[in-house]
Amino acid sequence: LGDRPRRSIRELPDELISQIAAGEVVERPASVVRELVDNALDAGASHISVRLAAGGVRLISIEDDGAGIPPEELPIALKRHATSKIANLLELESVGTMGFRGEALAAINSIAETTLLSRSGAQPNAYFLDGRTGELRPGARGIGTTVEVKELFFSVPARRKFLKTDATELAHCIESVRRHALARPDVAFTIWHDGKLIEQWRSHPGPDGLAQRLGDVLGEDFLAGSVAVDHQYGAVRVTGRAGVPDISRSRPDQQFAYVNGRFVRDKVITHAARSAYEDVLHGQRQPVYALYVSVEPARVDVNVHPTKIEVRFRDSREVHQAVRHAVENALAAPRAGQTAPAGA
Ligand code: ADP
Ligand code: MG
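Residues numbered from 1 in each chain as written. Chains lettered and ligands numbered in written order. Predicted model: local features only at pLDDT ≥ 70, side-chain atom pairs only at ≥ 80, totals over all residues.

Asker: I'm lost on the domain arrangement of the chain in this one. Help?
Answerer: Reports often express the size of an interface as the amount of accessible area lost when the parts come together. Taken as a whole, the chain is organised into domain 1 (14–201) and domain 2 (214–332). Listed as interface residues are 15 residues of domain 1 and, on the opposing side, 15 residues of domain 2. At the level of elements, α1 (14–25), α4 (89–93) and α7 (166–183) are the ones that each hand at least two residues to the side of domain 1 that touches domain 2. Take the side of domain 1 that touches domain 2: its biggest share by element is 5 residues, from α7. Residues of the side of domain 1 that touches domain 2, tallied by class, amount to 8 nonpolar, 3 polar and 4 charged. (Domains from an automatic or database assignment. Contact = placed C-beta atoms within 7 Å. Helix = DSSP H or I, 4+ residues; strand = E, 2+ residues; numbered from the N terminus. Nonpolar A, V, L, I, M, F, W, Y, C, P; charged D, E, K, R; others polar.)

Rendered as structure tokens:
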């Protein structure tokens, strides 16, 4: 028996718990961008500015004009499982915010140098928190929040090794912002990389906003070559735009699906959209689309994946039918007028 060594069970230190949890949420700079933009949107921002250096590995700085965080709550924002977004199980089941797990900032702070600079509407000035030292002091900025994340994975060299070139990481970061931008045409976004302005999408409030934003982000070809989707089936509403076969692509790189405003990778939606193109698209061609599925929050579980990129529908058959019919109807409708004034 003596030759079976064992170590005693112990509780892991908080920081190690966060670092382990971070592995689930933060794969690369783009994951940090996604979480921080989610937070800015949840704070009601109307302009979100993303600054990156070296593909986001050196620096990710996200500035918003949202509600801000009062100084006494800044240290709590960095704690694990600390959130202002849900308080009980009932609220979890009907959650309407992007976040609710209270994990992102704690995870990010455990694997990168993280600072917060924030001013809430109730404060005469901003406060700055250094996530590593815990130092809290007055700072300067208007109402809103700036989160800075430096040297991603500096304390986890094993993870840092998995990062690709700066150009590849930058492309993933841009893709992450693009996904948000297509969900929120009413919000303005800017992206800077190594001091250069990379993208600038101004806000488009109003009913034509989505078409305008799709044109800005995916190009005028997408807008001109796509038809409006708007269909209700049972409890499911599907809106957006679907590309005609002419603008199909060889890769599935312009397929955007949203559920209640959240970008998702969902087999049900992908399959339903694909089957709507069954008779009009041949071989390996990939359809392009931006589809927005709305269902009652209680009919979809968003808490199945740490990054929330997967969801589970209570009635996936209904969602499948809704998406398929929505796209089929849109493609079958006469195209007259589709290229007339943007957003028609
Ligand atoms: P979650 O988004 O799941 O609540 P996070 O760790 O991402 O968890 O953020 C923790 C909390 O910090 C949020 O619930 C929110 O109250 C606050 N917070 C984070 N980012 C911002 C921001 N940009 N503006 C205002 N409050 C923020
Ligand atoms: Mg969050």
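Picking up after the structure, the text goes on.
Asker: I'm lost on the environment of S275 in this one. Help?
Answerer: Looking at where S275 falls in the secondary structure, it is placed in helix α10 (residues 267–276). Assessed through the 14 C-beta atoms surrounding it within 10 Å, S275 is described here as partly exposed. Each C-alpha atom, one on S275 and one on V288, is 13 Å from the other, the two residues being 13 residues apart in sequence. (Buried ≥ 20, exposed ≤ 12 C-beta atoms within 10 Å, placed from the backbone.)

Asker: Would you mind going over the pairing of strand β5 (residues 136–139) with me for this structure?
Answerer: Every regular strand shows the same layout, with side chains that alternate between the two sheet faces. Pairing between strand β4 (residues 126–130) and β5: 4 bridges, direction antiparallel. The residue bridging F128 from the neighbouring strand is R137, located in β5. (Pairing = 2+ DSSP bridges.)

Asker: Is there a simple way to explain the site of ligand 1 in this structure?
Answerer: Lining the immediate surroundings of ligand 1 are 23 residues, of which N39, A43, T83, S84 and G99 lie closest. Secondary-structure elements contributing two or more residues to the shell around ligand 1 are α2 (29–42) and α5 (104–111). In terms of residue class, the shell around ligand 1 is made up of 10 nonpolar, 8 polar and 5 charged. (Near = placed C-beta within 6 Å.)

Asker: Please clarify how the sheet that holds strand β12 (residues 262–263) should be interpreted in this entry.
Answerer: Hydrogen bonds between backbone atoms are what pair the strands of a sheet, whose relative direction is either parallel or antiparallel. Pairing in this open sheet of 5 strands is mixed, and the strands run β9-β10-β13-β11-β12 from one edge to the other. At either end of the open sheet lies a strand with only one pairing partner, and these are β9 (226–233) and β12. Sheet analysis places strand β11 (residues 255–259) next to strand β13 (residues 289–294), joined by 5 bridges and oriented parallel. What sits directly across from Q255, in β13, is Y289. On top of the sheet, α10 reaches β11 and β13; it is set at about 125° to β13, its chief contact. Contacts from helix α11 (residues 316–332) reach β9, β10 (236–243) and β13, with the element oriented near 140° to β9. (Axes fitted to C-alpha atoms, helices over the stretch in contact; angles between N-to-C directions.)

Asker: What is the right way to look at the pairing of β9 in this model?
Answerer: As defined by bridge partners, β9 adjoins β10 across 8 bridges and the pair is classed as antiparallel. Residue pairing in the sheet places Q232 in a bridge with R237 of β10. In this structure, the hairpin formed by β9 and β10 is closed by a connection of 2 residues, where G234 is found at a positive phi of approximately 55°.

Asker: Sorry, what's going on with the packing of α10 against α11 here?
Answerer: Two quantities define a packed helix pair, namely the angle between the axes and the distance from one axis to the other. Contact pair α10 / α11: the axes reach a minimum separation of 8 Å and the direction vectors enclose 35°. Judged by the twist between their axes, the crossing of α10 over α11 is right-handed. Across the interface between the two elements, V268, I269, H271, A272, A273, S275 and A276 of α10 pack against S316, V319, H320, V323, R324, V327, E328 and L331 of α11. Classifying every residue of the contact of α10 with α11 by side-chain character gives 9 nonpolar, 4 polar and 2 charged. (Left-handed = near helix turned anticlockwise from the far one by under 90°.)

Asker: Any chance you could explain the sheet that holds strand β6 (residues 144–150) here in plain terms?
Answerer: Reading across the sheet, the 8 strands line up as β5-β4-β3-β6-β2-β1-β7-β8 and stay open at both edges, with mixed pairing between neighbours. Both edges of this open sheet fall to β5 and β8 (196–201), since each of them pairs with a single strand only. In this sheet, adjacent strand axes meet at a mean angle of 15° when their direction is disregarded. Bridge count for strand β3 (residues 113–119) against β6 is 7 bridges, and the pairing is antiparallel. Bridge pairing in β6 links R119 to G144.

Asker: Any chance you could explain unusual backbone geometry here in plain terms?
Answerer: With the exception of glycine, the majority of residues adopt a negative phi angle, and the majority of peptide bonds are in the trans configuration. Positive phi outside glycine occurs at A54, with the angle close to 50°. Within the secondary structure layout, A54 lies in the loop between β1 (47–53) and β2 (59–64). At K308, a position not held by glycine, the phi torsion is positive, near 60°. Here K308 shows up in the loop between β14 (300–301) and β15 (312–313). The buried category is assigned to K308, around which 22 C-beta atoms lie within 10 Å.

Asker: Help me understand the packing of α7 against helix α8 (residues 209–218) in this model?
Answerer: Running from N to C, α7 and α8 point in directions that differ by 160°, and their axes come no closer than 9 Å. Taken together, the axes of α7 and α8 lie roughly antiparallel to each other. Read as a crossing pair, α7 and α8 show a hand that is left-handed. Side by side, α7 and α8 meet where R178, A181 and L182 of the first sit next to R213, L214 and V217 of the second. Grouping the amino acids of the contact of α7 with α8 by side-chain chemistry returns 4 nonpolar, no polar and 2 charged. (Parallel < 35°, antiparallel > 145°, perpendicular 65-115°, else oblique.)

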